[in-house]
Structures are given as structure tokens and as C-alpha cells.
Amino acid sequence: MSIMDHNGGSVVAMAGKDCVAIASDLRLGAGAMTVAMNFEKIFPVTDRIYLGLTGLATDITTLRDRFRYLVNMFTIKESRSIEPSTFAHLVSSTLYSRRFGPYFTEPVLAGLERTPSGGFKPYIAGADLIGCLNFAEDFIVAGTASDKLFGVAEGLWEPDLGPEDLFETISQTLLNSVDRDAYSGWGAIVYIITPEKVITRTLKGRMD
Amino acid sequence: MECSFALTGKDYVIIAADTTAARSIVKMKVDEDKIKTLSPHLLMAYSGESGDTIQFAEFIERNIRLYHIRNLYPLRPQSAASWIRRSLAESLRSRSPYTVNLLIGGFDTADESPHLYWVDYLGTMASVPFAAHGYGSYFALGLLDRYHNPDGSLEEGLDVLRRAINETAQRLVVAPGNYIVKVVDKDGTREIKL
């Protein structure tokens with residue numbers, strides 16, 4: 001078993017019409033033993049960007065703290081909040097700075113990017129543990145259930161979903177994928193990001 | 001082998017740790033206290049590699065004390081746990097990492113709430129209602145899952161702890177014989193005879 005699977009956990013992000021969603025399970029394990037069922041893996045970066053981190057839990061916490069510091073410094077120096085595309089490259093360069101002794105996490109980020117006309121465009125991206133970015137128009141998956149998530153998301157996702165339809169799609173994708181993975185599950189949390197507000201919902205899942 | 005358990009209740013945290021100091025298959029000592037009182041309302045049970053445990057626990061103890069002296073008030077449990085976790089996470093990627101697992105229990109006097117953190121040698125930290133380290137965890141966690149009551153009285157909490165310890169004693173081949181039990185609540189920390 002790889003060190004990336006030691007604590008378990010999965011994250012998925014999806015793009016909709018003028019909205020994005022990101023969701024994760026809540027399990028923290030130590031190998032096959034479940035330690036906590038309230039371990040959140042998705043963190044707010046700005047009011048329009050959320051970052052999900054899968055992989056080794058110690059690095060999830062370390063990177064959450066590190067990105068909070070880096071984004072705070074950016075906000076102070078630039079007197080503006082960071083855009084998703086900029087933040088994606090911040091994530092990438094932070095991970096690559098540890099190229100030969102990496103943080104064992106695969107990040108997923110979801111946000112709304114401001115367009116020149118003043119509107120918002122869905123922006124989702126993922127990266128591997130050394131910061132190789134992966135931009136997608138549809139969905140990004142990561143974690144111990146990523147193989148299942150790919151399959152279910154491929155089947156359920158469709159373009160231009162509204163916030164409520166996107167919520168249903170991402171919730172069903174996540175719940176049905178983690179039920180087939182022993183290292184993920186034990187509840188889930190979903191964030192729907194729209195230009196007006198962020199909707200947060202916790203889902204009940206199978207506890208076995 | 002080393003076992004430690006902890007659980008929260010309505011307004012307290014109980015931490016229990018076995019008292020054996022072993023080297024290979026030999027018990028060197030049977031009355032070792034492996035729960036440190038870090039500040040007036042903060043307890044930390046430590047287990048792991050024998051040299052590392054004491055070295056790390058004393059390092060944490062002195063630094064938490066230093067913070068208290070410098071600022072005239074102690075670190076809150078959340079902040080203390082966060083700092084301790086960071087120390088372990090930084091140690092993990094150093095030349096000689098500390099192999100120490102911790103249970104950190106505290107009572108936050110500011111908002112009168114109990115806090116319990118499960119921390120392992122990798123620097124993984126989880127805020128939990130109950131926790132265990134060592135082989136005992138395989139027997140105790142299921143039991144705690146079934147019988148733990150987050151709003152229970154101290155007596156109820158001690159009953160659940162007794163169940164966990166008894167189950168471990170009954171089923172674990174290398175079960176420890178003795179435990180030290182400590183409680184932290186609004187009145188501070190104290191040792192309890194089970």
C-alpha cells in the first residue's frame with residue numbers, strides 16, 4: 001500500500017453553468033482502521049475558491065496552513081483577492097518546490113474566475129503530488145476512490161448543469177463511488193460555489 | 001504492549017495510559033507515568049519509541065510552560081495541539097524524526113468546552129470524541145463507538161473506559177496490567193483511581 005493511501009479519502013470537483021461544485025468524504029484512517037469521521041479535506045481559499053486535498057493527512061494539514069499563509073501574503077501585497085488560475089499556479093509551484101521530497105497530496109481546486117466583461121467562469125483544476133497541473137472542462141477526481149469516481153462521474157456528468165442539478169450530480173457521484181472504496185466514505189460534505197453565494201451541505205453516507 | 005485511551009464527556013476529558021516501560025520482551029518498570037500535565041487545563045499521553053517519547057514530551061512541556069510564563073496565560077487546547085502537531089510534522093521530514101504518538105486532552109476555560117486530539121508520529125491530527133493508540137485501539141475503538149456518550153457524566157465516562165480496558169485485558173495477548181487515569185475539567189487536571 002502506498003503512503004498516498006495510508007489515511008484514505010477522496011475529493012471530486014465538477015463544473016456547471018456559472019457555478020462549480022467540490023465535494024469530499026469525511027473519513028480519516030490509519031491503514032484499515034478508521035480514526036475519525038469528521039476529517040474535512042476541503043478548505044476555503046477566498047469566497048470564490050475552495051481547495052480540496054487528498055493523500056497523506058499530515059501533509060493535508062501542513063499544506064492547508066501553508067496555502068492560508070501564502071494567500072494572506074498575496075492578498076496583502078496585491079490588495080486584491082487571488083484568482084483561481086493564479087492560485088492554481090501557486091499550488092503547482094509550492095508542490096514542485098518539494099520536487100525531490102514531495103508532500104504526498106493530490107490537490108483539487110474549484111472556483112469562479114472573473115472574466116474581462118465582469119462575469120464569472122467556472123474554473124476547476126487538479127494536480128499530482130509534484131504539482132503537474134491538470135485543467136478540465138468537466139470534472140476532476142482524486143483520492144483512494146479516484147478510479148471509481150472517474151467511472152461514475154463520466155456516466156453522470158453533463159454540461160451546463162445549474163447549481164441544484166450540479167449538487168445532485170456531484171453528491172450521487174461521490175456517495176456511490178466511496179461506497180465501493182473501503183478507505184473512503186463515512187459521510188460527505190459538498191460545496192456549491194455560485195457568484196452570489198456558497199452553499200454547504202453535509203451528506204449522510206453509509207457508515208460501514 | 002503500549003496502550004492509551006481517551007474520551008470526552010459533557011465537560012471533561014479522561015485520558016488513560018498504561019504504566020509499563022518495556023524494552024524488547026522485558027518489563028523494565030511498571031509504574032511509569034506517561035501522561036504529562038502541560039498546562040493547568042491540558043494533558044498529553046505519549047507512546048512510541050522509548051527514547052523519543054520522553055525527549056519529545058519534555059520539549060513540548062517546557063515550551064508550553066515558556067509560553068505560559070511569557071504571556072501570563074496558557075495556550076488554549078486547540079492552539080497547543082496545533083503547535084504540537086506542527087512540531088511532529090516538521091520532525092517527520094528531518095534527519096531524525098520523533099516516533100511519538102499522542103493523545104492531547106484539554107479543557108478550554110474560555111468557552112468551557114472539552115477538546116480531544118488524536119495525533120500520530122506523522123503529524124496527523126484529528127479532533128475526536130474518543131481515541132486510542134496502540135494494540136488496545138483494535139479492541140477499544142469499536143466498544144467506544146457503541147457506548148460513548150458525548151454528554152455523559154464523569155462516572156459514565158469512567159464506566160466506558162473500564163469496559164475498554166477490561167476488553168483489552170481479556171482479548172489482547174500482550175495486554176498491560178496497570179493504567180494511570182487522569183481527568184481534565186474546569187477545575188484543572190487530576191489523577192483518578194479506576
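Residues numbered from 1 in each chain as written. Chains lettered and ligands numbered in written order. Predicted model: local features only at pLDDT ≥ 70, side-chain atom pairs only at ≥ 80, totals over all residues. Heavy atoms only, no water.

An unreviewed UniProt entry lists chain B under the name Proteasome subunit beta, with Russula ochroleuca given as the organism. For the record of chain B, the UniProt heading Function (unreviewed entry) holds the text "Component of the proteasome, a multicatalytic proteinase complex which is characterized by its ability to cleave peptides with Arg, Phe, Tyr, Leu, and Glu adjacent to the leaving group at neutral or slightly basic pH. The proteasome has an ATP-dependent proteolytic activity." (UniProt positions renumbered as here; feature names shortened; annotations may be inferred.)

Under an unreviewed UniProt entry, the name given to chain A is Proteasome subunit beta, and the organism recorded is Russula ochroleuca. Looking at chain A in UniProt, the text filed under Function (unreviewed entry) is "Component of the proteasome, a multicatalytic proteinase complex which is characterized by its ability to cleave peptides with Arg, Phe, Tyr, Leu, and Glu adjacent to the leaving group at neutral or slightly basic pH. The proteasome has an ATP-dependent proteolytic activity."

Chemist: Describe the overall build of chain A, with residues and values.
Modeler: Summing up its helical and strand segments, chain A has 4 helices and 12 strands in all. Computed over C-alpha atoms, the radius of gyration of chain A comes to 16 Å, within 12% of the 17 Å expected from 2.2 N^0.38 for 208 residues, which places it in the range of a compact globule. Principal-axis analysis of the C-alpha atoms gives chain A an extent of 50 × 40 × 25 Å. The burial tally for chain A puts 55% of its 208 residues in the buried class. Contacts in chain A between residues at least 24 apart in sequence constitute 63% of all its contacts with a sequence separation of at least 6. As displayed, chain A offers around 9,200 Å² of accessible surface, 52% of which is attributable to carbon and sulfur atoms. Both charge centroids of chain A, one from 19 positive and one from 25 negative side chains, sit 6 Å from each other. (Helix = DSSP H or I, 4+ residues; strand = E, 2+ residues; numbered from the N terminus. Rg over C-alpha atoms; globule rule 2.2 N^0.38 Å. Buried < 20%, exposed > 50% of the residue type's maximum accessible area, 1.4 Å probe, protein only. Contact = heavy atoms within 4.5 Å. Areas by Shrake-Rupley, 256 points an atom, 1.4 Å probe, with all protein chains shown as cover. Lys, Arg positive; Asp, Glu negative; His and termini not counted. Charge placed at Lys NZ, Arg CZ, Asp CG, Glu CD.)

Chemist: I'd like a rundown of the side chain of B:His148, residues and numbers included.
Modeler: Note that B:His148 resides in the loop between α3 (136-147) and α4 (154-171). Excluding its chain neighbours within four sequence positions, the residues that come into contact with B:His148 are B:Leu7, B:Thr8, B:Pro129, B:Phe130, B:Leu143 and B:Val160.

Chemist: Tell me about unusual backbone geometry, and name the residues and values.
Modeler: Leave glycine aside and you will find that most residues have negative phi; peptide bonds, for their part, are mostly trans. A positive phi angle is found at A:Asp18, which is not glycine, with a value near 55°. Structurally, the position occupied by A:Asp18 is in the loop between β1 (10-15) and β2 (20-25). Note on A:Asp18: relative accessible area 42%, which makes it partly exposed. Residue B:Glu112 is not a glycine yet carries a positive backbone phi of 55°. One can find B:Glu112 in the loop between β7 (100-108) and β8 (113-119).

Chemist: I'd like a description of the packing of aromatic side chains, backed by residues and values.
Modeler: Two numbers describe a pair of aromatic rings. These are the distance of the centres and the angle of the planes. Taken as a whole and assessed by the stated rule, the structure comprises 10 aromatic pairs over all chains. For the ring pair A:Tyr123 and A:Phe135, a centre distance of 6.1 Å and an interplane angle of 65° mean the geometry is edge-to-face. Of this pair, A:Tyr123 sits in strand β8 (residues 120-127) while A:Phe135 sits in strand β9 (residues 133-136), and the two are 12 residues apart along the sequence. Ring centres of B:Tyr67 and B:Tyr73 lie 6.0 Å apart, and the angle between their planes is 75°; on these two criteria the pair is classed as edge-to-face. An aromatic cluster of at least three residues, connected via ring pairs, comprises B:Phe56, B:Phe59, B:Trp83 and B:Tyr98. One Lys or Arg, B:Arg146, reaches over the ring of B:Tyr147 and ends 5.0 Å from the middle of that ring. (Phe/Tyr/Trp six-rings, centres within 6.5 Å; stacked < 30°, edge-to-face > 60°. Lys NZ or Arg CZ within 6 Å of the ring centre and 35° of its normal.)

Chemist: So what's going on with the sheet that holds strand β7 (residues 105-114) of chain A? Residues and values would help.
Modeler: Residues and elements named next belong to chain A. Read from one edge of the open sheet, 5 strands run β5-β6-β7-β8-β9, paired in antiparallel fashion. The outermost strands of the open sheet, each flanked by one partner alone, are β5 (42-44) and β9. The sheet shows a mean angle of 20° between the axes of neighbouring strands, taken without regard to direction. Sheet analysis places β8 next to β9, joined by 4 bridges and oriented antiparallel. (Pairing = 2+ DSSP bridges. Axes fitted to C-alpha atoms, helices over the stretch in contact; angles between N-to-C directions.)

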